[in-house]
2 protein chains.
Amino acid sequence: MKNDNVVSGIPDIVIGRLPVYLRALTHLAESGKMNTSSHELGRRLGISSAQIRKDLSHFGEFGKQGTGYNISYLIDQLLQILKLDQEWPVAIVGAGFLGHALAHYQGFKHRGFVMRWVFDIDESKVGDEMDGMVVQHLSDLPLVAEREGIKMAIIAVPVNAAQNVADRLVACNINAILNYAPINLSVPPNVHIQYSDPVVQMQHMTYYLS
Amino acid sequence: MKNDNVVSGIPDIVIGRLPVYLRALTHLAESGKMNTSSHELGRRLGISSAQIRKDLSHFGEFGKQGTGYNISYLIDQLLQILKLDQEWPVAIVGAGFLGHALAHYQGFKHRGFVMRWVFDIDESKVGDEMDGMVVQHLSDLPLVAEREGIKMAIIAVPVNAAQNVADRLVACNINAILNYAPINLSVPPNVHIQYSDPVVQMQHMTYYLS
DNA sequence: TAGATTGTTAATCGATTAACAATC
DNA sequence: TAGATTGTTAATCGATTAACAATC
């Protein structure tokens, strides 16, 4: 559940906030603003200005006293820090409703990712077209992954298949996985996982409901 | 970004782990196990046994020295704590690919939720059938929300519509929102929000990629 | 100049872990 | 009984915040 990266020395919780800063800065830029301050950004995100300055200070000095931050410059810096100055091709595993929604989602554009491959184990789906991709059989994953150097994948399969899929991904040297199946996966320590389970998130909120 | 609930006094970070414990316990139960220990559960989840015991101790004593926890009893207790001893009907806003995937998702079953309403602003979608639900116009939300007492909703609309939808939901006294749009929403302090943005999660992982 | 805001230090706050008596 | 494991306390660890000199 923890994911502190000892190598970089920067707390994982800080890394996790950078994409949120980046997203807010992009919205500010789109609204035509040129500059912002840690106070303004903090107000928008509901966090303290001190935390934003402290987080950024792990990576360098990006602001100016008196005037704050130049938005497009700070965006560029965050893109570099997060290795988003390149586009990452991603494999989707699972050609069901969720896989389809992900393949069709326009929100990856200009944010560092492009869905490039779709795999499924269901023979009847293999060969189908899905948003410009052709569904490939999961047994072709090793070949394709090696040839294309796939680094990131999204698990969008039923819960009972998820661990098996994770094992296959890991075997192909894919070491960043976004998992939508409602299960805690077991993977080697060098593999990074992010979890997204709507039920877990909804259950978190019901605690506070009357 | 923070969400500490001062009323209950129990740290929000603890509440957030309970659904994960619940999920793992359910898997253990399904595999036929009757009992478990904080060590076994911790090993599965990659967290310390001490943390599990400490988290649970906020709510009572659920184990037995020497033998650990009876799984089905602990599940029942967690269900009660998280107010999941009832089924929560949920409104989906947005009848696009994501809304469709959520409406069709079987994973809500037996975990406390049932998707019961779908709203959209697109006239051409209103009236369509979606997994047993009929898409209603968003302008009907106030009426339906009051009549049915809707408490929870999922935002599955494009980013530029999300804040407006959030405002409408809040105006209808819906105070638990799962937001899939890639934007930080502004809502009153009594409204609970969970965020799910695949891009933010992917960007978190790219930091660690070579 | 006066006002604003940074980056950083030290203090505070809170979360995690280690240790162990109690006891099944 | 011996071994295992809980619930809890105190210690440790880490994250957040307050404060402020520097300076645009």
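Computed from a prediction, not measured in an experiment: that's the story for all the values here.

Student: Got a minute to help me understand the protein's contact with DNA strand D in this structure?
Tutor: In the vicinity of DNA strand D lie 27 residues, with Ser38(B), Arg53(B), Phe62(B), Gly63(B) and Tyr69(B) positioned nearest. Each atom of DNA strand D within 4 Å of the protein was classed as base or backbone; sugar and phosphate made up 67%. One of the side-chain N or O atoms of Arg53(A) is found 3.2 Å from a base nitrogen in DNA strand D. For the surface near DNA strand D, the secondary-structure elements that each account for two or more residues are α1 (12-30) and α3 (49-57) of chain A together with α3 (49-57), β2 (63-64) and β3 (68-70) of chain B.

Student: Explanation requested: the relation of the copies chain B and chain A in the structure shown.
Tutor: Copies of the same chain, two in number, are related to each other by a rotation about an axis and a translation along it. Superposing chain B onto chain A requires a rotation of 180° together with a translation of 0.0 Å along the rotation axis, leaving an RMSD of 0.0 Å. In symmetry terms, the pair is related by a two-fold rotation axis. Comparing interface residues between copies, 98% of those in chain B also lie at the interface in chain A; the contact surface is shared.

Student: I keep staring at helix α7 (residues 159-171) of chain A and nothing clicks. Help me out?
Tutor: The periodicity of an α-helix, 3.6 residues per turn, causes residues three or four positions apart to be oriented the same way. Residues and elements named next belong to chain A. Along its 13 residues, α7 runs 19 Å from first to last C-alpha, staying within 8% of the 18 Å computed at 1.5 Å per residue. For α7, every residue scored as buried is listed here: Ala-162, Val-165, Ala-166 and Leu-169. With its buried residues spanning 105° around the axis, α7 presents them on a single face. Residues Asn-160 and Ala-171 are exposed on α7 and point more than 90 degrees away from its buried face. Elements in contact with the buried residues of α7: β4 (88-93), α6 (141-148), β8 (152-155) and β9 (176-179). Two residues or fewer after α7 comes Asn-173, characterised by a positive phi angle close to 65°.

Student: Before we go on, may I ask you to explain the packing of aromatic side chains in this structure?
Tutor: Two measures describe an aromatic ring pair: the distance that separates the ring centres and the angle between the ring planes. In this structure the tally under the stated criterion is six aromatic pairs over all chains. A centroid spacing of 5.3 Å and a plane angle of 85° characterise the contact between Tyr105(A) and Phe108(A), whose relative ring orientation is edge-to-face. In this structure Tyr105(A) comes out as partly exposed when scored by relative accessible area, which is 26%. Using a relative accessible area of 2% as the deciding quantity, one classes Phe108(A) as buried. Looking at Lys83(A), its charged tip hangs above the ring of Tyr207(B), at a distance of 5.5 Å from the centre.

Student: Any chance you could explain α6(A) here in plain terms?
Tutor: Residue and element names in this part refer to chain A. Taken residue by residue, α6 has Leu-141, Val-144 and Ala-145 as its buried positions. In an axial view of α6, the angular spread of the buried residues amounts to 100°, which keeps them on one side of the axis. Opposite its buried face, α6 presents the exposed residues Leu-143, Glu-146 and Arg-147, each directed more than 90 degrees away. Against β5 (113-120), β7 (133-137) and α7 lie the buried residues of α6.

Student: I would appreciate a short explanation of the sheet that holds β5(A) in the present structure.
Tutor: Two modes of strand pairing occur in sheets, parallel and antiparallel, and in both the strands are linked by backbone hydrogen bonds. Residue and element names in this part refer to chain A. Strand order in this open sheet of seven strands is β6-β7-β5-β4-β8-β9-β10, and the pairing throughout is mixed. Strand pairing shows two members of the sheet lacking a second neighbour, β6 (129-130) and β10 (192-195), which therefore form its edges. The pairing of β4 with β8 spans four bridges and is parallel. In the strand pairing of β8, Ile-92 is matched with Ile-154. Contacts from α7 reach β4, β8 and β9 within the one sheet, and its direction differs from that of β8 by about 170°.

Student: What should I look at first to understand the protein's contact with DNA strand C in this one?
Tutor: Taken together, the neighbourhood of DNA strand C is formed by 27 residues, with Ser38(A), Arg53(A), Phe62(A), Gly63(A) and Tyr69(A) sitting nearest. Near the protein, meaning within 4 Å, the atoms of DNA strand C are sugar or phosphate in a fraction of 66%, with bases accounting for the rest. Contact distances for DNA strand C include 2.8 Å between a base nitrogen and a side-chain N or O atom of Arg53(A). For DNA strand C, a sugar or linking oxygen lies 3.2 Å from a polar atom in the backbone of Gln65(B). Elements that contribute at least two residues to the surface near DNA strand C include exactly α3, β2 (63-64) and β3 (68-70) of chain A together with α1 (12-30) and α3 of chain B. Top contributing element to the surface near DNA strand C by residue count: α3(B), with four residues.

Student: So what exactly am I meant to see when it comes to the packing of α1(A) against α3(A) here?
Tutor: The description of two helices packed together rests on the angle between their axes and the distance between the axes. All names here are of chain A. Close contact between α1 and α3 brings their axes to 10 Å; oriented N to C, the two are set at 110°. When the axes of α1 and α3 are compared, the pair comes out roughly perpendicular. Together, Val-14, Arg-17 and Tyr-21 of α1 and Gln-51, Ile-52 and Asp-55 of α3 make up the contact between the two elements. Residues that form the contact of α1 with α3 fall into these classes: three nonpolar, one polar and two charged.

Criteria and cut-off values
- Residues numbered from 1 in each chain as written.
- Chains lettered and ligands numbered in written order.
- Predicted model: local features only at pLDDT ≥ 70, side-chain atom pairs only at ≥ 80, totals over all residues.
- Heavy atoms only, no water.
- Near = heavy atom within 4 Å.
- Polar contact = N/O pair within 3.5 Å; in protein donor to acceptor, adjacent residues only side chain to side chain.
- Helix = DSSP H or I, 4+ residues; strand = E, 2+ residues; numbered from the N terminus.
- Least-squares fit on C-alpha atoms with pLDDT ≥ 70 in both.
- Contact = heavy atoms within 4.5 Å.
- Expected span 1.5 Å × (residues − 1).
- Buried < 20%, exposed > 50% of the residue type's maximum accessible area, 1.4 Å probe, protein only.
- Arc of directions from axis to C-beta.
- Phe/Tyr/Trp six-rings, centres within 6.5 Å; stacked < 30°, edge-to-face > 60°.
- Lys NZ or Arg CZ within 6 Å of the ring centre and 35° of its normal.
- Pairing = 2+ DSSP bridges.
- Axes fitted to C-alpha atoms, helices over the stretch in contact; angles between N-to-C directions.
- Parallel < 35°, antiparallel > 145°, perpendicular 65-115°, else oblique.
- Nonpolar A, V, L, I, M, F, W, Y, C, P; charged D, E, K, R; others polar.

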